[in-house]
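A look at the structure
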Amino acid sequence: MSIPKVLMAPNGPHFSRFVQGYWRLGAWNLTAQQRLSFLKSHVELGITTVDNAAIYGNSESLFGEALKLDTSMRSKIEIVSKFGINGIATSTSEKRVSHYDSSKEAIITSTETSLKRLGIDKLDALLVHRPDLLMNVDEVAEAFELLYRSGKVEHFGVSNFTRSQFQLLQSRLPNALITNQVEINPLNFDVFEDGTTDQLQELKVRPMAWSCLAGGDIFNLQTEQALRVRNSLDDLVCELGASSSEQVIYAWLLKHPSNPVALIGSSNIERIKTSVFALGLNMNTEQWYRLWTAAKGHGVA
Ligand SMILES: NC(=O)c1ccc[n+]([C@@H]2O[C@H](COP(=O)([O-])OP(=O)(O)OC[C@H]3O[C@@H](n4cnc5c(N)ncnc54)[C@H](OP(=O)(O)O)[C@@H]3O)[C@@H](O)[C@H]2O)c1
């Protein structure tokens, strides 16, 4: 199964349709060599884009350590990271609670730290991790301009933004934001209904869908909704001739007209290899709405 690279936005970068998420890397307990082998395995599959964030514990450093073992891998991948969540609460008076920070200084410092930890000169894309209620968009625009001009970041995007937050930041930028990275899975697809993906379609910007498997909850939760969704997935696995529920979930996601790229959070390369066969599944409209109906607990009006 070959995984296509797709244009993220007008004048944006090309990312692989499946993106490997590295949020949980610290929990995988892999040696640097094993981390490099994992990276090589998914790149071989065609998953060339990787997602990280300054707030993901030591994930950037662990990834950087692996990359250092074979620096030729840098030119084969696109690296995305995020800034803006200012750490865990400490007992110091300046930082009693975790908070967002999108000041110019915080953006520059966070990005330079990410580059250092990853052991690279440039990020392919930098995203605002979460909307900051105190965000001064002119200051963000200034920081982006500095990072672009100094060759430290090629493209910019956002994550978990509402339509109006996206529009506001976009209004100050010379180039298109390349994505809004948002949660999409059969237990939570609010963004299909609150205008978020409508806006992205209008602008020809692809969402990056995070936690497509609800972080694994889709297979474990005992709620009525999760049980209905699992029953529906079992039926669809048989009908579509799929080999796993994950395949059906990704096929459901990729059928959406906003053309999302799907973040994979698994550490299991065999599971990843199976999942990407979603690209070959042909889910029809009734089947798509069957999963929607299972999630909602009622049919369409
Ligand atoms: N922008 C944001 O705010 C934001 C928020 C969250 C995540 N993200 C990004 O999105 C990426 C993906 O998120 P995610 O890790 O939550 O993705 P996910 O793919 O929904 O969840 C991955 C988890 O599900 C488990 N899993 C997969 N298949 C399973 C199965 N059949 N049965 C039981 N468990 C199963 C995986 O375990 P195995 O490792 O054993 O397969 C892994 O622990 C992250 O790495 C991060 O890059 C972004």
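Our structure's up above, just so we're on the same page.
Residues numbered from 1 in each chain as written. Predicted model: local features only at pLDDT ≥ 70, side-chain atom pairs only at ≥ 80, totals over all residues. Heavy atoms only, no water.

Let us now look at the site of the ligand. Surveying the vicinity of the ligand reveals 27 residues, the closest of which are Arg-24, Asp-51, Ser-211, Ser-266 and Arg-271. Measuring from an oxygen atom of the ligand, one finds a side-chain N or O atom of Arg-24 at 2.6 Å. The contact in question runs from an oxygen atom of the ligand to an N or O atom on the backbone of Gly-215, over 2.8 Å. In terms of residue class, the shell around the ligand is made up of nine nonpolar, 12 polar and six charged. (Near = heavy atom within 4 Å. Polar contact = N/O pair within 3.5 Å; in protein donor to acceptor, adjacent residues only side chain to side chain. Nonpolar A, V, L, I, M, F, W, Y, C, P; charged D, E, K, R; others polar.)

A few words on the environment of Gly-195. Relative to the helices and strands, Gly-195 is located in the loop between β8 (180–183) and α6 (196–203). Spatially, the C-alpha atoms of Gly-195 and Ser-114 are 32 Å apart, while their sequence positions differ by 81 residues. (Helix = DSSP H or I, 4+ residues; strand = E, 2+ residues; numbered from the N terminus.)

Consecutive residues of a regular strand have side chains that alternate between opposite faces of the sheet. Most of strand β6 (residues 123–128) is tucked away, with six of its six residues classed as buried. Here strand β5 (residues 78–83) runs beside β6; their pairing, made up of four bridges, is parallel. Across the sheet, residue Phe-83 finds its bridge partner in β6, namely Val-128. Of the strand pairs in this sheet, β6 and strand β7 (residues 153–159) are connected by five bridges, and their pairing is parallel. Each residue of the ladder has a partner; that of Val-128, found in β7, is Val-158. Regarding the hand of the β-α-β motif, the stretch spanning β6, helix α4 (residues 137–149) and β7 is right-handed. (Buried < 20%, exposed > 50% of the residue type's maximum accessible area, 1.4 Å probe, protein only. Pairing = 2+ DSSP bridges. Right-handed = clockwise from strand over helix to strand, strands pointing away.)

Here we come to the pattern of salt bridges. Applying the stated rule across the entire model yields 16 salt bridges. Salt-bridge contacts for Glu-239 lead to Arg-290; the nearest nitrogen and oxygen are separated by 2.8 Å. Of the two residues, Glu-239 sits in helix α8 (residues 224–240) while Arg-290 sits in helix α11 (residues 285–296), which places them 51 residues apart along the sequence. You can call Arg-290 partly exposed: its relative accessible area is 23%. Of the charged contacts in the structure, one is a salt bridge between Glu-246 and Arg-271, with a shortest N-O distance of 3.4 Å. Of this pair, Glu-246 sits in helix α9 (residues 245–254) while Arg-271 sits in helix α10 (residues 269–275), placing them 25 residues apart in sequence. The class for Glu-246 is buried, based on a relative accessible area of 11%. Given the relative accessible area of 44%, Arg-271 is considered partly exposed. Where salt bridges share partners, they join Glu-239, Glu-286 and Arg-290 into one cluster. (Salt bridge = Lys/Arg side-chain N within 4 Å of Asp/Glu carboxyl O.)

With that settled, the discussion passes to the packing of helix α5 (residues 163–170) against α6. Running from N to C, α5 and α6 point in directions that differ by 35°, and their axes come no closer than 9 Å. Between α5 and α6, the residues in contact are Arg-163, Phe-166 and Gln-167 and Thr-196, Asp-198, Gln-199, Leu-200, Glu-202 and Leu-203, respectively. (Axes fitted to C-alpha atoms, helices over the stretch in contact; angles between N-to-C directions. Contact = heavy atoms within 4.5 Å.)

To continue, consider helix α3 (residues 104–118). In a regular helix each residue adds 1.5 Å, so 15 residues correspond to 21 Å; α3 covers 21 Å between its end C-alpha atoms and thus fits that length. Ile-107, Ile-108, Ser-110, Thr-111, Ser-114, Leu-115 and Leu-118 are the residues of α3 that are buried. One face of α3 carries all of its buried residues, which in axial projection span an arc of 170°. In α3, the exposed residues that point more than 90 degrees away from the buried face are Glu-105 and Lys-116. Looking at the buried residues of α3, the elements they touch are α2 (59–69), β5, β6, α4 and β7. Looking one or two residues past α3, Gly-119 carries a phi angle of roughly 70°, positive in sign. (Expected span 1.5 Å × (residues − 1). Arc of directions from axis to C-beta.)

Mapped onto the elements, Asn-185 comes out in the loop between β8 and α6. Distance from Asn-185 to Cys-212, taken between C-alpha atoms, is 4.5 Å for residues 27 residues apart in sequence. Aside from chain neighbours lying at most four places away, what touches Asn-185 is Ser-211, Cys-212, Leu-213, Ala-214 and Trp-252. In this structure the side chain of Asn-185 is engaged in a polar contact, spanning 3.0 Å, whose partner is the side chain of Glu-183. A polar contact is formed between the side chain of Asn-185 and the backbone oxygen of Ser-211, at a distance of 2.8 Å.

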